[in-house]
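Spelled out from the first residue to the last, the chains are:
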Amino acid sequence: AGAGQTDGGDVSVTAGAGTDATGGDVTVTAGAGKTAAGGVSVTAGAASSAAGGGVTVTAGQGSTTGGAVSVTAGEGKGTLGGDVSLVAGLGATTGGAVSVTAGVGTAAAGGGATVTAGAGQTDGGDVSVTAGAGTDATGGDVTVTAGAGKTAAGGVSVTAGAASSAAGGDVTVTAGQGSTTGGAVTV
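Below or above, wherever it landed, is the structure these notes cover. (Residues numbered from 1 in each chain as written. Predicted model: local features only at pLDDT ≥ 70, side-chain atom pairs only at ≥ 80, totals over all residues. Heavy atoms only, no water.)

## Observations concerning the overall build of the chain
Moving on, step 1. From N to C terminus, the chain includes 0 helices and 0 strands.
Moving on, step 2. The C-alpha radius of gyration of the chain comes to 24 Å, more than 25% above the 16 Å expected for a compact globule of 187 residues.
Moving on, step 3. Along the first, second and third principal axes, the C-alpha atoms of the chain reach 60 × 50 × 45 Å.
Moving on, step 4. Pairs at least 24 apart in sequence give 0% of the contacts found in the chain among residues at least 6 apart. (Helix = DSSP H or I, 4+ residues; strand = E, 2+ residues; numbered from the N terminus. Rg over C-alpha atoms; globule rule 2.2 N^0.38 Å. Contact = heavy atoms within 4.5 Å.)

## So, the pattern of salt bridges
Moving on, step 1. Here the structure, examined in full by the defined rule, presents 1 salt bridge.
Moving on, step 2. In this structure, Lys 77 and Glu 75 form a salt bridge, with 3.7 Å as the shortest nitrogen-oxygen distance.
Moving on, step 3. Overall, Glu 75 belongs to the exposed group, its relative accessible area being 66%. (Salt bridge = Lys/Arg side-chain N within 4 Å of Asp/Glu carboxyl O. Buried < 20%, exposed > 50% of the residue type's maximum accessible area, 1.4 Å probe, protein only.)

## Some thoughts on the environment of Ala 102
Moving on, step 1. Given the relative accessible area of 27%, Ala 102 is considered partly exposed.
Moving on, step 2. Residues Ala 102 and Val 57 lie 45 residues apart in sequence; the distance between their C-alpha atoms is 16 Å.
Moving on, step 3. Residues within four places of Ala 102 in sequence aside, it is in contact with Gly 111, Gly 112 and Ala 113.

Just geometry here; none of it tells us what the structure is for.
Given below as structure tokens:
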């Protein structure tokens, strides 16, 4: 789109509506290559004196089921599969946040949020949740809270993995070391 003295022009790509059937799709596909395939890059605009532009991906509303948003890294035929990375922006004062929230169910159950490491032929992948360090003040907290309920509250379950031919996994809870007093573990 064209540049402007005040506002730049917009670029809009819209598929056609289907009045009695299915609406059209919008497909963006990078080119295949022998040595490396092309990439697809979506970058919001920078602002010299205000907030940068946002990138929003929203699935369509449906009268029965809403559309899905799926982000899938590429398969690696020979060695490693691709990564999916969500990284919040660096801030001169406070960094941005990464938030994953399951959908609300207005008449039934809310959606679930699941983080599952990949299975492997030798070792399974790890799931690691680490709060940020505070260089000059307090480190961040990791909080796991089960949901309240009218008939029964939700539970918190931590289970070590079973091993078919060796020792089962351990569950270890360790309070932090302190220069004056160490942290406490309360059960």
